[in-house]
Amino acid sequence: MYTAHPDRYADMPYRRTGRSGLMLPALSLGLWHNFGPDRSAEMQRAILRRAFDLGVTHFDLANNYGPPPGAAETALGGFLRSDFAAYRDELVISTKAGYLMWPGPYGEWGSRKYVLSSLDQSLKRMGLDYVDVFYSHRPDPDTPLEETMGALHSAVQQGKALYVGVSNYSAEQTREAARILGELGTPLLIHQPRYSMLDRRPETGGLLDALDELQVGSIVFSPLEQGVLTGRYLDGIPEDSRAASDSPFLNSDKLTGELVGKLRALDEIAKSRGQSLAQMALAWVLRGGRVTSALVGASSARQIEDSVGALDNLDFEAGELARIDAVING
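Report follows, based on the coordinates.

What counts, and at which threshold
Residues numbered from 1 in each chain as written. Predicted model: local features only at pLDDT ≥ 70, side-chain atom pairs only at ≥ 80, totals over all residues. Heavy atoms only, no water. Axes fitted to C-alpha atoms, helices over the stretch in contact; angles between N-to-C directions. Helix = DSSP H or I, 4+ residues; strand = E, 2+ residues; numbered from the N terminus. Parallel < 35°, antiparallel > 145°, perpendicular 65-115°, else oblique. Contact = heavy atoms within 4.5 Å. Nonpolar A, V, L, I, M, F, W, Y, C, P; charged D, E, K, R; others polar. Buried < 20%, exposed > 50% of the residue type's maximum accessible area, 1.4 Å probe, protein only. Pairing = 2+ DSSP bridges. Right-handed = clockwise from strand over helix to strand, strands pointing away.

Focus: the packing of helix α8 (residues 257-272) against helix α11 (residues 318-329)
Working step 1: Axis separation between α8 and α11 bottoms out at 9 Å; the angle between their running directions is 170°. As judged from the angle between their axes, α8 and α11 are roughly antiparallel. Residues Lys262, Ala265, Leu266, Ile269 and Ser272 of α8 form the contact with α11, whose participating residues are Arg323, Ile324, Val327 and Ile328.
Working step 2: Grouping the amino acids of the contact of α8 with α11 by side-chain chemistry returns 6 nonpolar, 1 polar and 2 charged.

The following block contains the structure:
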């Protein structure tokens, strides 16, 4: 029987999500990887327990997480019953619909039929009556945005989601989604973009400015660039690393000599701050408070502990930020 740590809220900072009443931990746990049948249940349980004990109250999923698709939601559903049943009201659980889940014309994208059917399937896999946040995972170029946002609104009206969000939407698409949802009476709560020291499109594309203007929260994925912004690749590619596998998200071709040189220079800056490279990368996306929460994955409880350690120093001097920019742009 699992009993959560009594001081789990002592050290984790919580940030208000846009202009809503929902507070999210500065770090959230993403179940994108490591929660499929290729990983042991003991490892998965240890990650979830340690995260919650450290104040990580938000578990982020999508219908297609695993692999195979659906596996992460099924795994979490088992742990919710066995370990976290008593803590459901302390957890923020999110899921998404948008990517391919079943064959035929109704198994992906943003139609009302797919979005609401997918949510029903997600709830069944997790054994839940509702999720806290339900996202449109990607914009559908062929379905009117009014239809996709209307489906999100219906999920709230049906009591199957408390809040709604979007992911991978441009600044312009986000503004339009927020307008439609506002007229329907279900505010846009949050946007989930990819953002890191190496991928600054939310800045350069105006997304962060749009979210500030709309008073919409943000939770960023891949702040460590699939492990690139960690110490794993400073001295080559380990045989057991993601880059050495056939992962579609990271392969050895991306780890050029130029990039490794930049990683080593960034690591020296991190050391001068008393942080690991991964900790500095997390602190960088959380700097200044524009980002509500950063999503981290983990393959062990130890990695969760290391990530939470980033929160000890979220402040950057102007000179440090300039050095980071010089390394990345050099």
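A short note on the pairing of strand β3 (residues 27-30)
Working step 1: What you see with β3 is no split at all: Leu27 and Leu29 on one side and Ser28 and Gly30 on the other are buried throughout.
Working step 2: Where β3 meets strand β10 (residues 293-296), 3 bridges bridge the pair, whose relative direction is parallel. The residue bridging Leu27 from the neighbouring strand is Ala294, located in β10.
Working step 3: Bridge count for β3 against strand β4 (residues 58-60) is 2 bridges, and the pairing is parallel. Opposite Leu29, over in β4, you have Phe59 as the bridge partner.
Working step 4: Handedness of the crossover is the feature at issue here: the chain leaves β3, passes through helix α1 (residues 41-53), returns alongside β4, and the resulting connection is right-handed.

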